[in-house]
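What follows is each chain in one-letter form.
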Amino acid sequence: MTNNTELVGIIETIKNRCVQMATGGEFSYDKYEEDRGKVVSYPELVILLPGWLVKSRYGTQYWQFISSKFKHYAERRIFLNTEFDNILDKIKSGSSRPITLSLESNLKKIDSEVINSDWRKVVQRSQTDPEGSVTASRKMVESVLKFVLDAEKIKYTNSEDLGALYKKTKKVLNLDPENHNVETFKQIFSGITAVVQGFGSLRNDYGDAHGKGEKSYIPEQRHAELVINLAGALSSFIIDTYNTKIKK
């Protein structure tokens, strides 16, 4: 897992680059693209970035954004300092997406390119494509369940929905509520089943996996973020539980 000092340094670099370009300092599209490229290579940072930075892949796009949004250097400096300082504060306080960091750590333990690819899509779509992030989150949960079932040589069919896959995974990992004596955990494990069933419905109602009728719904950013966090927490828990199981 990347330490906070390194993450702070990466954000400080792109912050300085953006401020310099916006306020009459060193102006280089190539260096902007290099610094931004490094930032987006860290999933734990991408999910914290403002939408304009995610969209501004090229230096020309960044310059068009900042020069049209603010005419004066002082305004640009205040805006950029505020945007980047918010990210830095979250990193330094340790509140930079604990679910993300936990999942990143657990993904390294299982070395699954399929799940890693799903997670990258979730991160990449999180700020600019709520529908896509919903679909990717649901797919990641499905990949995690299938990973456990494949590893344990439990058969399933392509027609089985997420609920059926979770039911089999739950049995493998001993997650049945009735197997736990503490009432609170019984409630939590019962809730997981409801969350899993909800992912399937969300994909149909809000995701981009199917064509839309006249009456369709587009998830708001806050709804997509809730789905991402639930999918991340559930995936991380299942992977961690599986790793604990195989070590016994």
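This one's a predicted model, so the numbers in the text were calculated from it and none came from an experiment. Along each chain, the written sequence defines residue order, and numbers are assigned to residues from 1. Reporting in this predicted model follows two pLDDT cut-offs: at least 70 for local features of residues, and 80 or more for side-chain atom pairs to be given and counted; totals over whole chains, interfaces and linings ignore these cut-offs and use all residues. Calculated side-chain values reflect all of the structure's heavy atoms, with hydrogen atoms and water omitted.

Overview of the overall build of the protein chain
- Check the secondary structure of the protein chain and you find 12 helices and 0 strands.
- The helix and strand sequence of the protein chain, counted from the amino end, reads α-α-α-α-α-α-α-α-α-α-α-α.
- For the protein chain, with 248 residues in total, the buried portion stands at 43%.
- Throughout, the Shrake-Rupley method with a 1.4 Å probe supplies accessible areas, and for residues the shown protein chains are the sole cover considered. Taken as a whole, the protein chain presents about 13,400 Å² of accessible surface, with 50% of it coming from carbon and sulfur. Runs of E in the DSSP output that reach at least two residues are strands. Runs of H or I that reach at least four are helices, and both are numbered from the N terminus. Note on classification: 1.4 Å probe, protein chains only; a residue is buried when its accessible area is under 20% of the maximum for its type, exposed when over 50%, partly exposed between these limits.

A closer look at the nonpolar core
- The criterion is simple. A nonpolar core is a set of buried Ala, Val, Leu, Ile, Met, Phe, Trp, Tyr and Cys residues joined through side-chain atoms within 4.5 Å. Grouped together as the largest cluster of nonpolar side chains are 62 residues, with contacts concentrated most on I11, Y62, L80 and F84.
- Looking at which element gives the most residues to this core, the answer is helix 1 (residues 4-22), with 9 residues.
- Excluding its chain neighbours within four sequence positions, the residues that come into contact with F84 are I11, I14, K15, C18, W52 and L53. Whether two residues are in contact is decided by their heavy atoms: any pair within 4.5 Å suffices.

Considering the packing of helix 9 (residues 130-151) against helix 10 (residues 162-172)
- Comment: axis = line fitted to C-alpha atoms, over the contacting stretch for helices; angle = value between 0 and 180 degrees taken between N-to-C directions. Where helix 9 meets helix 10, the axes come as close as 9 Å, and the angle between the chain directions of the two elements is 40°. As far as their axial angle goes, helix 10 and helix 9 are oblique. Between helix 9 and helix 10 lies a crossing whose hand is left-handed. Facing R138, V141, E142, L145, K146, V148 and L149 of helix 9, the residues of helix 10 in contact are L162, L165, Y166, K168, T169 and V172.
- Throughout this entry, Asp, Glu, Lys and Arg are counted as charged residues, while Ala, Val, Leu, Ile, Met, Phe, Trp, Tyr, Cys and Pro are counted as nonpolar. The remaining residues, Gly among them, count as polar. Along the lines of polarity and charge, the residues of the contact of helix 9 with helix 10 split into 8 nonpolar, 1 polar and 4 charged. Angle categories: roughly parallel below 35 degrees, roughly antiparallel above 145, roughly perpendicular from 65 to 115, and oblique for all the rest. By convention, the crossing between two helices is left-handed when the near helix turns anticlockwise from the far helix through less than a right angle, and right-handed when the turn is clockwise.

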